[in-house]
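Residues per chain are reported as follows:
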Amino acid sequence: KTIKLWNTVNQTEIATLTGHKLAPNAVVFSFDGKTLASGGADKTIKFWNVADSTEIASFAGHKLAINALAFSADGQTLASGSADKTIKLWNVANQEETGAFAGHKLAIESVAFSVDGKTLASGSKDKSIKLWNVDSKEEMAVLAGHKQGISAIAFSPDGQTIASASADNTIKIWNQPSQTEIAAIATPSWQTGAIAIASDGQTLAGCDEQGVIKLWQI
């Protein structure tokens, strides 16, 4: 039920954050590094001040556990994905709900904003990725091709490419404008827990459950 902050230079513990009543399932830093958001099996989202490790806010809205969180690049909006099959948008300043997306048939496992904040991608245990228009709150497209649930999603910096990782031991690369699959990377010996695309858009990183990180040229 705790979250720990660590100094990456000397690997020492900076602080332990307590407050969730059940396991935190997702944590994400704001882009300025000043705020940490956490979502838990207790259905709550908490904001923490990184500088002094204090809880800033706690709020609820989902009916089941929160599995995924993402900040928009401007830091004004937080997206949360839940086992209740919905994604919600929150105003970071006042913690008010500003929108909700429903359409997935099973739990949401991952969410990601495009850099311009106009598109939100969600991945679900129903094997599908959905793209949503953040302004109109409408579904734009469905990316289908994975054989099991989606564990992680990442946008390239230019917003043209999406990477998705699945429990089917593959990572897929998609063209966002055409919503078509560009490539599939097989990871037969391990399941990808997280993925990221480098700032130049040329390199993809993925990590497995044993702590190994692999890099691919996109």
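Residues numbered from 1 in each chain as written. Predicted model: local features only at pLDDT ≥ 70, side-chain atom pairs only at ≥ 80, totals over all residues. Heavy atoms only, no water.

Engineer: Mind showing me how you'd approach the sheet that holds strand E19 (residues 192-197) here?
Structural biologist: Strand pairing in a sheet takes place through backbone hydrogen bonds and is either antiparallel or parallel in direction. Judged by pairing direction, the sheet is antiparallel, and its 3 strands sit side by side in the order E19-E20-E21 without closing on themselves. Pairing within the sheet leaves two strands with one partner each, and these edge strands are E19 and strand E21 (213-217). Sheet twist, expressed as the average angle between the axes of neighbouring strands with direction ignored, equals 20°. Of the strand pairs in this sheet, strand E20 (residues 203-208) and E21 are connected by 5 bridges, and their pairing is antiparallel. Note on E21: the bridge partner recorded for Cys207 is Ile213. (Pairing = 2+ DSSP bridges. Helix = DSSP H or I, 4+ residues; strand = E, 2+ residues; numbered from the N terminus. Axes fitted to C-alpha atoms, helices over the stretch in contact; angles between N-to-C directions.)

Engineer: How do you make sense of the pattern of salt bridges when you look at a structure like this?
Structural biologist: Two side chains that carry opposite charge are able to pair once their charged atoms sit near each other. Enumeration according to the criterion identifies 5 salt bridges in this entry. Residues Glu13 and Lys4 are paired through a salt bridge, measuring 3.3 Å at the closest nitrogen-oxygen approach. Overall, Glu13 belongs to the partly exposed group, its relative accessible area being 38%. On the accessibility criterion, Lys4 (37% relative accessible area) is partly exposed. (Salt bridge = Lys/Arg side-chain N within 4 Å of Asp/Glu carboxyl O. Buried < 20%, exposed > 50% of the residue type's maximum accessible area, 1.4 Å probe, protein only.)

Engineer: Which parts of the structure should I look at to understand the pairing of strand E2 (residues 13-18)?
Structural biologist: On any regular strand, side chains alternate: one points to one face of the sheet, the next to the other face. Both strand E1 (residues 2-6) and E2 contribute to a ladder of 5 bridges, which runs antiparallel. When the sheet's bridge partners are listed, Leu5 is paired in E2 with Ala15. Between E1 and E2, which follow one another and run antiparallel, lie 6 residues, and Gln11 among them has a positive phi close to 60°.

Engineer: Quick question: what am I supposed to make of the pairing of strand E11 (residues 108-113) here?
Structural biologist: Of all the 6 residues making up E11, 5 are buried; the element is thus mostly covered by neighbouring parts of the structure. Bridge analysis of E11 against strand E12 (residues 119-124) gives 5 bridges, and the strand direction is antiparallel. Within the sheet, the bridge partner assigned to Ala112 lies in E12 and is Ala121. Linking E11 back to E12 in an antiparallel pair, the connection comprises 5 residues, with Gly117 at a positive phi of about 75°.

Engineer: Please clarify how unusual backbone geometry should be interpreted in this entry.
Structural biologist: It is generally the case that most residues other than glycine have a negative phi and that most peptide bonds are trans. Its identity as a non-glycine residue notwithstanding, Gln11 has a phi of 60°, on the positive side. As for its position among the elements, Gln11 is in the loop between E1 and E2. With phi around 75°, Lys43 is a residue other than glycine that occupies positive phi space. For Lys43, the location among the structural elements is in the loop between strand E4 (35-40) and strand E5 (44-49). Judged by relative accessible area, Lys43 falls into the partly exposed class, the value being 38%.

Engineer: Whenever I open this one, the layout of surface pockets confuses me. Can you help?
Structural biologist: Regions of empty space are outlined by a rolling probe, equal in size to a water molecule, passed over the atoms. One number sums up the size of the largest pocket: a volume of about 680 Å³. Within the residue set of the lining of the largest pocket, elements represented by two or more residues are strand E3 (24-29), strand E7 (66-71), E11, strand E15 (150-155) and E19. (1 Å grid on protein atoms, 1.4 Å probe; cavity = no way out; pocket = protein on both sides within 12 Å on 5 of 7 lines; lining within 4 Å. Points joined across faces, edges and corners; volume = space filled by probe spheres on them.)

Engineer: Before we go on, may I ask you to explain the packing of aromatic side chains in this structure?
Structural biologist: Each aromatic ring pair is characterised by the separation of its centres together with the angle its planes make. Applying the stated criterion to the full structure yields 4 aromatic pairs. Taken together, a centroid distance of 5.3 Å and an interplanar angle of 65° make the contact between Phe47 and Phe59 edge-to-face. Within this pair, whereas Phe47 is found in strand E5, its partner Phe59 is found in strand E6 (residues 54-60), the two being separated by 12 residues in sequence. On the basis of relative accessible area, Phe47 is assigned to the buried category, the value being 3%. Ring geometry for Phe101 against Trp132: centres 4.9 Å apart, planes inclined by 25°, an arrangement best described as stacked. Here Phe101, found in strand E10 (residues 97-102), pairs with Trp132, found in strand E13 (residues 128-133); they are 31 residues apart in sequence, far enough to count as distant. The pair formed by Phe101 and Trp132 is uniform in burial state, with each residue classed as buried. (Phe/Tyr/Trp six-rings, centres within 6.5 Å; stacked < 30°, edge-to-face > 60°.)

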